Amino acid sequence: MTGSRVVALGHYQPAKVLTNHDLAAMVDTSDEWITSRVGIRTRHVGGPDEPVDELAAHAAAKALASAGLQASDIDLVLVATSTAIDRSPSMSARVAARLGMGSPAVMDINVVCSGFTHALATADHAIRAGAATRALVIGADKMGDIVDWTDRSTCVLMGDAAGAAVVTAEPDGADGPGIGPVLWGSVPDMGNAVRIEGTPPRFAQEGQAVYRWATTQLPPIARKVCERAGVTPEDLAAVVLHQANLRIIEPVARKIGAVNAVIARDVVDSGNTSAASIPMALSKLVERGEVESGAPALLFGFGGNLSYAGQVIRCP
């Protein structure tokens, strides 16, 4: 049966770095307060001349180069983002134009922090259905544009970035599919716990409600993702959760039981980059050689809408 596989990754962050000490000069906070509560030390922030589609295009170009493909080889572009201010052209169309693509299908997916894993599943489904052969799946968000820089409870969390994956058709192998079955869902009556609302749009969340939901409800769901993929948590070589903050990442990873896995902790250096966090964290693990090609990695996104989506993939 025709399946799909992630064959290459790429990531991009703006050059400007904002440290906790920088934030302490802006709001009533400190490096100790931030690191003890969320584990973040630095984050990258883009300027007004660095729109979301530019971040996305940089990450996409890196992934294409790693895959040895041209932009014209891609027939589907999916961009997961919640920080697209304009309705049209979409981020995916703008990225396609920046890269000089021919006539790919283009689609934006807004599931906030779990956007990338939703988009990756959508690309896998499209390829399995024969609607695409090579897809570019991007998570890109410029959270600095929507955060309230006077609110110390949220501005310390956020960063700007993009991460991209090239996904191609490939028969399912003896060691399982390149991209395993997705398990996704949401808690609609708690959707207001994470919000991007207003004019101009501003990010807000009920931090304690999100923390309780993530640390108590998500670990058994993540274990079911492994079950669907035909692996045990002990089989995993890497666990890449949405990089919300360390107070969520570490207990959730521990409760999943992936005792042999490398746990992505890119949030320490990059902050919460929403849809960009999973592909960027995975890209960095692969780039540093911390996971072997073909090794199983759990990707699990969660957050806005109190939505979640996860799958086990074979690393490129």
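Everything in this summary refers to the structure shown in the same document. (Residues numbered from 1 in each chain as written. Predicted model: local features only at pLDDT ≥ 70, side-chain atom pairs only at ≥ 80, totals over all residues. Heavy atoms only, no water.)

Let's talk about the side chain of Thr168
Then comes step 1: Of note, Thr168 is situated in strand β7 (residues 160-171).
Then comes step 2: In this structure Thr168 comes out as buried when scored by relative accessible area, which is 13%.
Then comes step 3: Other than its neighbours up to four places away in sequence, Thr168 contacts Gly3, Ser4, Arg5, Val7, Ile127, Thr133 and Arg134. (Helix = DSSP H or I, 4+ residues; strand = E, 2+ residues; numbered from the N terminus. Buried < 20%, exposed > 50% of the residue type's maximum accessible area, 1.4 Å probe, protein only. Contact = heavy atoms within 4.5 Å.)

As for the packing of helix α7 (residues 207-229) against helix α8 (residues 246-256)
Helix packing geometry: the angle between the two helix axes and the distance between the axes.
Then comes step 1: The N-to-C vectors of α7 and α8 enclose an angle of 30°; their axes lie 9 Å apart at closest approach. For the pair α7 and α8, the crossing hand works out as right-handed. For the pair formed by α7 and α8, the contact residues are Tyr211, Ala214, Thr215, Pro219, Ala222 and Arg223 on the first element and Arg247, Ile248, Pro251, Val252, Lys255 and Ile256 on the second.
Then comes step 2: Counted by class, the contact of α7 with α8 contains 8 nonpolar, 1 polar and 3 charged residues. (Axes fitted to C-alpha atoms, helices over the stretch in contact; angles between N-to-C directions. Left-handed = near helix turned anticlockwise from the far one by under 90°. Nonpolar A, V, L, I, M, F, W, Y, C, P; charged D, E, K, R; others polar.)

Brief notes about the environment of Pro251
Then comes step 1: Mapped onto the fold, Pro251 is located in helix α8.
Then comes step 2: Overall, Pro251 belongs to the buried group, its relative accessible area being 12%.
Then comes step 3: Sequence separation between Pro251 and Tyr308 is 57 residues; the distance between their C-alpha atoms is 17 Å.
Then comes step 4: Those residues in contact with Pro251 that lie beyond four places of it in its chain are Thr215 and Leu246.

With respect to the nonpolar core
Then comes step 1: Ranked by internal contacts, the top residues of the largest apolar core, which has 50 residues, are Leu236, Leu241, Leu298, Phe300 and Phe302.
Then comes step 2: Secondary structure elements with two or more residues in this core: α2 (31-37), α7, β11 (238-241), α8, α9 (267-270), β13 (296-303) and β14 (307-314).
Then comes step 3: The greatest single-element share of this core, amounting to 9 residues, is contributed by α7.
Then comes step 4: Setting aside anything within four residues of it in sequence, one finds Phe302 in contact with Cys113, Ser114, Trp213, Ala214, Leu218, Leu241, His242, Ala244, Ile248, Ser307 and Tyr308.
Then comes step 5: Of all hydrophobic cores here, the second largest spans 32 residues; its members include Leu9, Leu78, Phe116 and Ala275. (Core = buried A, V, L, I, M, F, W, Y, C linked by side-chain atoms within 4.5 Å.)

Quick word on the environment of Met280
Then comes step 1: Here Met280 lies in helix α10 (residues 277-287).
Then comes step 2: On the basis of relative accessibility, which here comes to 0%, the residue Met280 falls in the buried class.
Then comes step 3: Separated by 254 residues in sequence, Met280 and Met26 have C-alpha atoms that sit 27 Å apart.
Then comes step 4: Residue contacts for Met280: discarding those within four places in its chain leaves His11, Tyr12, Gln13, Ala161, Ala162, Gly163, Asp266, Ser270 and Thr273.

Focus on the pairing of strand β10 (residues 202-205)
Then comes step 1: In the sheet, strand β9 (residues 194-197) pairs with β10 via 4 bridges, with the strands oriented antiparallel. Considered in β10, the bridge of Glu197 is made with Arg202.
Then comes step 2: Hairpin connection, β9 to β10: the antiparallel pair is bridged by 4 residues, and Gly198 has positive phi, about 95°. (Pairing = 2+ DSSP bridges.)

Description of the pairing of strand β6 (residues 134-142)
Then comes step 1: Where burial is concerned, most of β6 is hidden: 8 out of the 9 residues are buried.
Then comes step 2: Where strand β4 (residues 76-80) and β6 come together, 5 bridges link them in parallel fashion. In the strand pairing of β6, Val77 is matched with Leu136.
Then comes step 3: As paired elements, β6 and β7 share 9 bridges and run antiparallel to each other. By the bridge assignment, Gly139 is partnered in β7 with Gly163.

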